[in-house]
Amino acid sequence: MGTQRGALVVFEGLDRSGKSTQCQRLVDVLRANGEEVHHMRFPNRSSPIGQMINSYLSGQAQQDDHAIHLLFSANRWESVRELEERINAGATVIVDRYYYSGCVYSAAKHIPSMDLEWCRSPDVGLPRPDVCIFLDISAEEQAKRGGFGEERYEKRELQDRVRECYHEMRKHPDEHADMVIVDAGRGMEEVEQEIAEVVRRVRKNVEGGESRLRTV
Ligand code: TMP
Ligand code: MG
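Cut-offs used in this document
- Residues numbered from 1 in each chain as written.
- Chains lettered and ligands numbered in written order.
- Predicted model: local features only at pLDDT ≥ 70, side-chain atom pairs only at ≥ 80, totals over all residues.
- Axes fitted to C-alpha atoms, helices over the stretch in contact; angles between N-to-C directions.
- Helix = DSSP H or I, 4+ residues; strand = E, 2+ residues; numbered from the N terminus.
- Parallel < 35°, antiparallel > 145°, perpendicular 65-115°, else oblique.
- Left-handed = near helix turned anticlockwise from the far one by under 90°.
- Contact = placed C-beta atoms within 7 Å.
- Core = buried A, V, L, I, M, F, W, Y, C linked by C-beta atoms within 7 Å.
- Buried ≥ 20, exposed ≤ 12 C-beta atoms within 10 Å, placed from the backbone.
- Pairing = 2+ DSSP bridges.
- Near = placed C-beta within 6 Å.
- Nonpolar A, V, L, I, M, F, W, Y, C, P; charged D, E, K, R; others polar.

### Structural notes on the packing of helix H1 (residues 19-32) against helix H10 (residues 188-208)
Here is step 1 of the chain: With their axes 11 Å apart at the nearest point, H1 and H10 run at an angle of 60° to one another. When the axes of H1 and H10 are compared, the pair comes out oblique. In this structure, the crossing between H1 and H10 has a hand that is right-handed. Touching Gln22, Arg25, Leu26 and Val29 of H1 are Val191, Glu192, Ile195, Ala196 and Val199, all from H10.

Rendered as structure tokens:
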């Protein structure tokens, strides 16, 4: 018998939703329990493609909207081998943003030639997560949490459209099955507990089920 594969757990949400904090907490808790965990985030700004993305987000460089979209996708593809190797070696892989972000931030620009379907297509074939935990936060709560940073997409109007696109994307049959909405407008501990419960359930399913990763 081969090694039992690990679970692929993705976190998604708007900026200021507490996504990175919750990701880190989950990683810490699982590691404290002696679990093998691998933590990734996209964009991965350390690769040459990631550096191009970083220059774009910080406003140092301009890109055509289609081109930057494809760079975000390429930035995931260049990590696929590592991701699969970790999963197949039995690690739980926790990912902070994935192709959902790729789709919704681009589609939220409302460029006619870039609808959700077009935006999703370069990511088709990527490993499909066992669960996508969507940390949902209202515009009001997001505003209460203080100002956005300086990056390109951290603007009220775009964020509102991104939130709509996340909910739109959830209508796709595959995404609907994979996405679990967690109300992130509550206290950190409460959110953390709900996430822990979701992850416990998903890991149990993976242990008892089909051992191959599916694809997007
Ligand atoms: P970060 O704040 O999580 O580092 O992400 C940087 C920004 O990049 C954030 O506003 C979301 C956006 N983004 C995309 O537009 N497309 C993508 O594929 C990803 C992963 C992020
Ligand atoms: Mg950000």
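From this point, things continue past the structure.
### Observations regarding the nonpolar core
Here is step 1 of the chain: Ranked by size, the top nonpolar core spans 44 residues in total, and within it Val9, Val10, Val93, Val95, Tyr100, Val104 and Ile133 carry the most contacts.
Here is step 2 of the chain: Top element by residues in this core is helix H5 (residues 99-107). It accounts for 6 residues.
Here is step 3 of the chain: In this view, Val93 contacts Gly6, Leu8, Val9, His38, Met40, Leu83, Arg86 and Ile87; residues no more than four positions away in its chain are not counted.

### What to know about the pairing of strand E1 (residues 8-13)
Here is step 1 of the chain: Along E1, 6 of the 6 residues are buried, which leaves the element largely enclosed by surrounding structure.
Here is step 2 of the chain: Of the two faces of E1, the one carrying Leu8, Val10 and Glu12 and the one carrying Val9, Phe11 and Gly13 are both buried.
Here is step 3 of the chain: In the sheet, E1 pairs with strand E4 (residues 131-136) via 5 bridges, with the strands oriented parallel. The residue bridging Glu12 from the neighbouring strand is Phe134, located in E4.

### Looking at the site of ligand 1
Here is step 1 of the chain: As a matter of local geometry, ligand 1 sits amid Asp15, Phe42, Pro43, Leu57, Phe72, Arg97, Ser101, Gly102, Tyr105, Glu151 and Tyr153.
Here is step 2 of the chain: Of the residues forming the shell around ligand 1, the biggest block, 3 residues, is contributed by H5.
Here is step 3 of the chain: Split into classes, the residues belonging to the shell around ligand 1 amount to 6 nonpolar, 2 polar and 3 charged.

### Describing H5
Here is step 1 of the chain: Burial runs high along H5: 9 of the 9 residues are buried.
Here is step 2 of the chain: Regarding H5, the residues found buried are Tyr99, Tyr100, Ser101, Gly102, Cys103, Val104, Tyr105, Ser106 and Ala107.

### Let's talk about the environment of Ile133
Here is step 1 of the chain: Topologically, Ile133 is positioned in strand E4.
Here is step 2 of the chain: On the neighbour-count criterion, Ile133 (28 C-beta atoms within 10 Å) is buried.
Here is step 3 of the chain: Linking Ile133 and Glu207, residues 74 residues apart in sequence, is a C-alpha distance of 19 Å.
Here is step 4 of the chain: For Ile133, the residues in contact, after removing those within four places along its chain, are Val9, Val10, Phe11, Val180, Val182, Ile195 and Val198.

### A look at unusual backbone geometry
Here is step 1 of the chain: For the peptide bond that leads from Phe42 to Pro43, omega is 0°, which places it in the cis range.
Here is step 2 of the chain: Tracing the backbone shows Pro43 in the loop between strand E2 (37-41) and helix H2 (48-57).
Here is step 3 of the chain: We note that Arg16 has phi near 75°; this positive angle belongs to a residue other than glycine.
Here is step 4 of the chain: As for its placement among the helices and strands, Arg16 is situated in the loop between E1 and H1.

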